Amino acid sequence: MPKPPPPDFANLSLAEIARLVAEKKLPPVEKWNPTHCGHSDMRIARDGTWFHQGSPIGRVAMVKLFSTILRREADGSFVLVTPVEKLDIEVEDAPFQAVELKAEGEGERMRLAFRLNTDDLVTAGPEHAIRFEGNAEGGPRPYLHVRGGLEALVSRSVYYELAQIALSNGSEPPGVWSDGAFFALEPVQ
């Protein structure tokens, strides 16, 4: 029986988003330490597309499943891990993409929730920081901490929404608040 589609993010309140996040149970990948088995022949491209043996994975359900067993190792590499095997996976930038933003409240009371390309929901705050990298060619690159060292690259359209919030709230330096934490929209040195 097919799973029902995820709820429409735009119509959810942040309280409903928090409830959905609390209900989602992820595998305890941080507790699994099987023997390394090799390479998965998988890659996550800079744009968030997952590939296997050079071909895009077309089944969204498979990508969502694989994303739940993704782990970042202490050396910065990425693996797909189960209780019995661990396989390397290449990640060109960040393993997730933040593709939609919902904001509620104002100033220091603001909360920002993000929907990822895997339909995961993340509320920015002390446990889920927003950080910025910058370079002369591509401009700022915002990232959202998802879990266990895994991050989502914030899509350009969502970044523009964050910039609009930062410019309208009058903070100096420009930045955004979420769940009591302030995130300056400037690259970390």
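These numbers were taken from a predicted model, which means no experiment stands behind them.

Go over the overall build of the protein chain, please, and point to the residues and values.
Scanning the protein chain for helices and strands turns up three helices and 14 strands. Counting only residues that meet the buried cut, the protein chain has 41% of its 189 residues in that class. Expressed as a percentage of contacts within the protein chain between residues at least 6 apart in sequence, the contacts between residues at least 24 apart total 53%. Taken as a whole, the protein chain presents about 10500 Å² of accessible surface, with 53% of it coming from carbon and sulfur.

Quick one: what's the story with the environment of Leu150, residue by residue and with numbers?
Note that Leu150 resides in strand β12 (residues 150-154). Residue Leu150 is classed as buried on the basis of its relative accessible area of 1%. In this structure the C-alpha to C-alpha distance between Leu150 and Arg71, which are 79 residues apart in sequence, comes to 7.3 Å.

Outline the sheet that holds strand β7 (residues 96-104), supporting the account with residue identities and numerical values.
Across the sheet, which stays open at both edges, the six strands sit in the order β9-β8-β7-β12-β11-β10 with mixed pairing between neighbours. Strands at the two margins of the open sheet, each flanked by one partner only, are β9 (121-123) and β10 (130-133). Shown here is a sheet whose adjacent strand axes are inclined to one another by a mean of 40°, direction ignored. Both β7 and β12 contribute to a ladder of three bridges, which runs parallel. Across the sheet, the residue bridging to Ala98 is Val154, located in β12. Contacting β7, β8 (111-116), β10, β11 (141-147) and β12, helix α3 (residues 156-169) runs over the sheet at an angle of about 30° to β7.

Please provide a residue-by-residue account of the pattern of salt bridges, values included.
As enumerated under the stated definition, the model contains 11 salt bridges in all. Here Asp119 ties to Arg115 by a salt bridge, and the two come within 2.9 Å at their closest N and O atoms. The class for Asp119 is partly exposed, based on a relative accessible area of 23%. For Arg115, a relative accessible area of 22% corresponds to the partly exposed category.

Account for unusual backbone geometry, with residues named and values stated.
In this structure, the amide linkage connecting Glu172 to the following residue, Pro173, adopts the cis form with an omega of 5°. Take Pro173: it is sitting in the loop between α3 and β13 (175-178). Phi at Asp41 is positive, roughly 60°, even though this residue is not glycine. In this structure, Asp41 sits in strand β1 (residues 36-44). Of note in this structure, Asp119 is not a glycine but carries a positive phi near 70°. By the element assignment, Asp119 lies in the loop between β8 and β9.

Please provide a residue-by-residue account of the nonpolar core, values included.
Among the nonpolar cores identified, the biggest contains 40 residues, and Leu70, Leu112, Phe114, Ile130 and Val176 are the most heavily contacted of them. Here this core gets six residues from one element, more than from any other, and that element is α3. Apart from the residues lying within four places of it in its own chain, the contact partners of Leu70 are Val29, Ile44, Trp50, Phe78, Val79, Leu80, Ile89, Pro95, Phe96 and Leu150.

Quick notes on the rules
Residues numbered from 1 in each chain as written. Predicted model: local features only at pLDDT ≥ 70, side-chain atom pairs only at ≥ 80, totals over all residues. Heavy atoms only, no water. Helix = DSSP H or I, 4+ residues; strand = E, 2+ residues; numbered from the N terminus. Buried < 20%, exposed > 50% of the residue type's maximum accessible area, 1.4 Å probe, protein only. Contact = heavy atoms within 4.5 Å. Areas by Shrake-Rupley, 256 points an atom, 1.4 Å probe, with all protein chains shown as cover. Pairing = 2+ DSSP bridges. Axes fitted to C-alpha atoms, helices over the stretch in contact; angles between N-to-C directions. Salt bridge = Lys/Arg side-chain N within 4 Å of Asp/Glu carboxyl O. Core = buried A, V, L, I, M, F, W, Y, C linked by side-chain atoms within 4.5 Å.

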